[in-house]
Amino acid sequence: MRSDLLEEILRLSADHLLLVVNAMVVAIAIGVPLGIFLTRRPKARPWLLGFANIMQTIPSLALLGFLIPIPFIGGIGKRTAIVALVLYALLPILRNTFVGILGVEAAVCESAVAMGMTDSQLLRQVQLPLAAPTIMAGIRVATVTTIGTATIAAIIGGGGLGVFIFRGVASLDTVQILAGAVPAALIALAADGGLGWVERKLSPV
Amino acid sequence: MALVEFRGVSYEIAGKPILLDLSLRIEAGETLVLLGRSGSGKTTALKMINGMLFPTRGQVLVDGKPTTEWDPIRLRRRMGYVIQEVGLFPHFTVRDNIGLVPKLEGWTPADIDNRVDLLLEKVGMPPTDFRTRYPRQLSGGQRQRVGVARALAADPPVLLFDEPFGALDPVTRLELQQQFLALQRDFKKTSIFVTHDVREAMHLGSNIALLDRGRLDFVAPPLEFRNAVSQEARAFLACLEN
């Protein structure tokens, strides 16, 4: 293999990872608190879950198209790509946080309240530790999906391994397509394995 | 002054009455059993004592103050709570489960350790064997013993029991009932005990309050209860005869 191709693979893989890490940090920072909020505010559930569901159904190319003309978050480049990735990653994180907390055994929560725990003590000492593996499973699913989806960032100049794939498709060059697809698949496998390990470690019992 | 008093308490959910005009006094040191069929409103009444539910009409007074005027956190920490499903925290050791309320109340770890060991001894579980175990490593009966120890942890004046022994096998149930009576002699708490088992009511109660479809049928000590003439009381007493 030519050394300049290898060098480009490494550079774009790093670029790709940067996109994914940025998007995941933002998606977790929004999704987990929002999921917690939903467990406390039943009336907001249909609205927020509906929004997150709709985001998932919009085809990725169309979503980028919608975002480009929007001021501040839109335009060409990485920022728009990250916004799109966050919108996709939100649903699994939001839903698993919400389902994980509501899935904590009712008798355990009832005891906690009856013993005089405040809502924040209930959340921090009981619900979040017991829901942690479920929340982590949501983060893992979202991360693996995001690693795949991030390849479309290249279409709006966001970089990443998609650069190879779009170049390869345009020039019918299989080597280029594989240079993008194989590292993306490897990163996804590594992330799945690593986060799966974290998920098992978080299991409280 | 009664420690806990129901004054004309009614409770309804979406127009459906659960409790109707309940008035009841619970004096310090007694064990009041709330006896009734499923759906008679006994659990609802219990949950009004520690402010998990509030009356639609009337008042529940604890130490002479309506529950609506108590800080719910302070109110609940004055009361131990034991339920059939136990509700131990699966991610806490036995020591941390029992020591929870003391910890919330800011006790030192050494004081918590001493209290946990004392209570484990009292409920017949050697502390060195059980302190560091997790709930999943205990039998059903052991879990409920820990549940009782947890309720006693911060030495609350009032204990609330919601069919605590209902899910246990008959032998274990009897052991835990005996232990309940022994603890009652040692600690002299005021207990409110919900059950549908008339034997258990006669065995454990100093007073029995019979609830029939949300109404108080009558209140009497176990010996007088035997002579009760109401239809619902006779229905329960018939269970003793077989």
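In this report, the structure presented in the accompanying data block is examined. (Residues numbered from 1 in each chain as written. Chains lettered and ligands numbered in written order. Predicted model: local features only at pLDDT ≥ 70, side-chain atom pairs only at ≥ 80, totals over all residues. Heavy atoms only, no water.)

Turning our attention to the interface of chain B and chain A. Each side of the interface is counted separately: chain B has 22 residues, and chain A has 18 residues. The contact between chain B and chain A buries some 1,800 Å² in all, and 68% of this surface belongs to carbon and sulfur atoms. The largest per-residue losses of area from chain B upon contact with chain A belong to F89, H91 and L104 of chain B, which jointly make up 28% of the total buried on that side. Our enumeration of links across chain B and chain A arrives at one salt bridge. Linking K47 of chain B and E110 of chain A is a salt bridge whose minimum nitrogen-to-oxygen distance equals 3.7 Å. (Contact = heavy atoms within 4.5 Å. Buried area = accessible area lost by both parts, 1.4 Å probe. Salt bridge = Lys/Arg side-chain N within 4 Å of Asp/Glu carboxyl O.)

What follows concerns the sheet that holds strand β4 (residues 57-62) of chain B. Residues and elements named next belong to chain B. Reading across from one edge, β2-β1-β4-β5 is the order of the four strands in this open sheet, with antiparallel pairing throughout. Looking at which strands have only one partner, the edges of the open sheet turn out to be β2 (16-26) and β5 (65-66). Pairing geometry for strand β1 (residues 4-13) and β2, over seven bridges, is antiparallel. Looking at the pairing, F6 lines up with L24 of β2. Taken strand by strand, helix α1 (residues 42-49) contacts β1, β2 and β4, and its axis lies near 120 degrees from that of β1. (Pairing = 2+ DSSP bridges. Helix = DSSP H or I, 4+ residues; strand = E, 2+ residues; numbered from the N terminus. Axes fitted to C-alpha atoms, helices over the stretch in contact; angles between N-to-C directions.)

This brings us to empty space enclosed by the protein. Throughout the structure, instances matching the rule amount to two cavities of 30 Å³ or more. Taken as a whole, the largest cavity spans an internal volume of roughly 80 Å³. Considering the residues around the largest cavity, the lining is formed by M115 of chain A together with R76, R77, M79, G80, Y81, V101, R150, A151, A153, A154 and P156 of chain B. At the level of elements, α2 (72-77), β6 (79-83) and α7 (140-152) of chain B are the ones that each hand at least two residues to the lining of the largest cavity. Considering each element in turn, the lining of the largest cavity owes the most residues, three residues, to β6 of chain B. Class assignment of the residues belonging to the lining of the largest cavity gives a composition of eight nonpolar, one polar and three charged. A volume near 40 Å³ is recorded for the second largest cavity. Contributing to the lining of the second largest cavity are V148, L152, L159, F161, F180, L183, Q184, F187 and K189 of chain B. When residues of the lining of the second largest cavity are traced back to their parent elements, those giving at least two are α7, β7 (158-162) and α8 (170-187) of chain B. The element that contributes the greatest number of residues to the lining of the second largest cavity is α8 of chain B, accounting for four residues. Residues of the lining of the second largest cavity, tallied by class, amount to seven nonpolar, one polar and one charged. (1 Å grid on protein atoms, 1.4 Å probe; cavity = no way out; pocket = protein on both sides within 12 Å on 5 of 7 lines; lining within 4 Å. Points joined across faces, edges and corners; volume = space filled by probe spheres on them. Nonpolar A, V, L, I, M, F, W, Y, C, P; charged D, E, K, R; others polar.)

All names here are of chain B. One pass over the full model with this rule turns up six aromatic pairs over all chains. Note on F161 and F180: the rings are 5.1 Å apart at their centroids and 80 degrees apart in plane angle, and the pair reads as edge-to-face. Here F180 lies in helix α8 and F161 lies in strand β7, a separation of 19 residues in the sequence. Each member of the pair F161 and F180 is classed as buried. Taken together through their ring pairs, the aromatic side chains of F161, F165, F180 and F193 make up a single cluster. (Phe/Tyr/Trp six-rings, centres within 6.5 Å; stacked < 30°, edge-to-face > 60°. Buried < 20%, exposed > 50% of the residue type's maximum accessible area, 1.4 Å probe, protein only.)

This part is about α7 of chain B. Compared with an ideal rise of 1.5 Å per residue, which puts 13 residues at 18 Å, α7 of chain B spans 19 Å between its outermost C-alpha atoms and is within 8% of the ideal. Where α7 of chain B is concerned, the buried positions are G141, Q144, R145, V146, G147, V148, A149, R150, A151 and L152 of chain B. Of the surrounding secondary structure, the elements contacted by the buried residues of α7 of chain B are α5 (106-114) of chain A together with β6, α3 (94-98), α5 (109-122), β7 and α8 of chain B. (Expected span 1.5 Å × (residues − 1).)

Moving on, we come to the sheet that holds strand β10 (residues 215-220) of chain B. All names here are of chain B. An order of β6-β7-β8-β3-β9-β10 is seen for the six strands of this open sheet, with the pairing classed as mixed. Looking at which strands have only one partner, the edges of the open sheet turn out to be β6 and β10. Ignoring strand direction, the axes of neighbouring strands in this sheet form an average angle of 15 degrees. As judged from the five bridges shared by strand β3 (residues 31-36) and strand β8 (residues 190-195), these two strands associate in the parallel manner. What sits directly across from T31, in β8, is S191. In the packing of α8 onto the sheet, contacts are made with β3, β7 and β8, and the angle to β8 comes to roughly 160 degrees.

Time to look at the pairing of β3 of chain B. Residues and elements named next belong to chain B. Counted residue by residue, β3 has six buried out of six residues, so it is predominantly covered. Where burial is concerned, the two faces of β3 agree: the one with T31, V33 and L35 and the one with L32, L34 and G36 are both buried. Where β3 meets strand β9 (residues 207-212), five bridges bridge the pair, whose relative direction is parallel. Each bridged residue has a counterpart across the sheet, and for L32 the counterpart in β9 is N207.

A few words on helix α11 (residues 231-241) of chain B. Residues and elements named next belong to chain B. Looking only at α11, the buried set comprises E232, A233, F236 and L237. Around the axis of α11, the buried residues are gathered within 130 degrees of arc, so they sit on the same side. Summarising the geometry of α11, the exposed residues directed more than 90 degrees from the buried face are Q231 and E241. Each element contacted by the buried residues of α11 is listed here: β3, α9 (198-204), β9, β10 and α10 (222-225). (Arc of directions from axis to C-beta.)

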